[in-house]
Amino acid sequence: MRIEVSFWGVMRRHAGAERRVLEVDEGADVGALVSAIDGGAAMASELERCAFAIGTTLVPRSHLLSEGDEVAVLPPVSGG
Amino acid sequence: MGQQTPDLLAARVQSSALSLDLLLSDTERDDCGALAIFSGTVRNHHEGRAVTGLEYTSHVPLAERIIEEIEAETRERFGVPVCRVQHRIGRLGIGESAIIAVVRSAHRAEAFAALRHAVDATKARAPIWKEEFYPDGSSSFVQGCCIAPDQAIPDA
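In what follows, the accompanying structure is described. Being a predicted model, the structure only gives us computed values, none of them experimental. (Residues numbered from 1 in each chain as written. Chains lettered and ligands numbered in written order. Predicted model: local features only at pLDDT ≥ 70, side-chain atom pairs only at ≥ 80, totals over all residues. Heavy atoms only, no water.)

### Side note on the overall build of chain A
Then comes step 1: Within chain A one finds three helices and five strands.
Then comes step 2: Traced from its N-terminal end to its C-terminal end, chain A shows the element sequence β-α-β-α-α-β-β-β.
Then comes step 3: What you see for chain A is a C-alpha radius of gyration of 12 Å, in line with the 12 Å of a compact globule of 80 residues.
Then comes step 4: When its C-alpha atoms are laid out on the principal axes, chain A stretches across 35 × 25 × 20 Å.
Then comes step 5: Relative to its 80 residues, chain A shows a buried fraction of 49%.
Then comes step 6: For chain A, the exposed area adds up to about 3,600 Å²; of that, 48% sits on carbon and sulfur atoms.
Then comes step 7: For chain A, the distance from the average site of its 7 positive side-chain charges to the average site of its 12 negative ones is 10 Å. (Helix = DSSP H or I, 4+ residues; strand = E, 2+ residues; numbered from the N terminus. Rg over C-alpha atoms; globule rule 2.2 N^0.38 Å. Buried < 20%, exposed > 50% of the residue type's maximum accessible area, 1.4 Å probe, protein only. Areas by Shrake-Rupley, 256 points an atom, 1.4 Å probe, with all protein chains shown as cover. Lys, Arg positive; Asp, Glu negative; His and termini not counted. Charge placed at Lys NZ, Arg CZ, Asp CG, Glu CD.)

### A look at the interface of chain A and chain B
How large an interface is tends to be reported as the accessible area lost when its parts come together.
Then comes step 1: Facing the 24 residues of chain A at the interface are 33 residues of chain B.
Then comes step 2: At the boundary of chain A with chain B, total buried surface from both sides reaches about 2,300 Å², with 58% on carbon and sulfur atoms.
Then comes step 3: Its largest share of buried area at the contact with chain B, chain A owes to Arg49, Val77 and Gly80 of chain A, together 29% of the area lost on that side.
Then comes step 4: One can count one salt bridge joining chain A with chain B.
Then comes step 5: The interface formed by chain A and chain B holds 13 residue pairs in polar contact (both at pLDDT 80 or more) in total.
Then comes step 6: Elements represented by at least two residues in the side of chain A that touches chain B include exactly α1 (10-15), β3 (51-54), β4 (57-59) and β5 (70-74) of chain A. (Contact = heavy atoms within 4.5 Å. Buried area = accessible area lost by both parts, 1.4 Å probe. Salt bridge = Lys/Arg side-chain N within 4 Å of Asp/Glu carboxyl O. Polar contact = N/O pair within 3.5 Å; in protein donor to acceptor, adjacent residues only side chain to side chain.)

### Remarks on the side chain of Arg49 of chain A
Then comes step 1: Considering the arrangement of structural elements, one finds Arg49 of chain A in the loop between α3 (41-47) and β3.
Then comes step 2: Within the local environment of Arg49 of chain A, its side chain forms a polar contact with the side chain of Gln143 of chain B, the two groups lying 3.4 Å apart.

### What to know about the packing of aromatic side chains
Then comes step 1: Counted under the stated rule, the structure contains one aromatic pair over all chains.
Then comes step 2: Relative to Trp129 of chain B, the ring of Trp8 of chain A lies with its centre 6.3 Å away and its plane at 25°, an arrangement referred to as stacked. Residue Trp8 of chain A is found in the loop between β1 (2-7) and α1, and its partner Trp129 of chain B is found in strand β9 (residues 128-133); the two belong to separate chains. Of the two residues, Trp8 of chain A and Trp129 of chain B, neither departs from the other in class, the shared state being buried.
Then comes step 3: Geometry around Trp8 of chain A places Arg12 of chain A over its ring, the cationic atom sitting 4.9 Å from the centre.
Then comes step 4: Across from the ring centre of Phe133 of chain B, 3.7 Å away, lies the NZ or CZ of Arg91 of chain B, which sits over that ring. (Phe/Tyr/Trp six-rings, centres within 6.5 Å; stacked < 30°, edge-to-face > 60°. Lys NZ or Arg CZ within 6 Å of the ring centre and 35° of its normal.)

As structure tokens, this is what we get:
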């Protein structure tokens, strides 16, 4: 199934794009989606510290994906 | 600014300049004897390095929800009737206000404590990212706090 991924903060720099569309197996969870994100070593390292959101809900890596989900990749935050 | 006022007051995350005056006039209450205010402004150095400006970016819908949640949690936990937080995004120069927070309560002790919680929680939980710019034209994202619900990694 197709999942749209959006990258935020430094992850946008690592990904070289705001968005990517990835193909994952039916029944895949967020963790499987993360494994399907290609990138360099810096990206892989930073992904370990990222949170994920669908809409305005933070979801754990065990969250099961549905066709058409849009998953936001959120690196550690630094507001204020 | 006239007709923009309601939108500016409703927003927790905005690209236009923050207005403490608007936030104060919007939160006036006769039953509150304490008003605690925090304003975080852009400074010209970080970890010994000169900084010329910052750029804040945000996942705005999620940040709006999380900051509203922090405001509600602060009001409940500290028993204060008013807590509001606003964060600016976009490119900011030295001295510009990046975050303002207002707490009003009957007495000062809970106002100070609630204000600190609201600001600390916003910095630690709202999906907002800070990129620093340096005199040589280079930039870097500031290391932050992990917000993954299933991966609480302590950060500086």
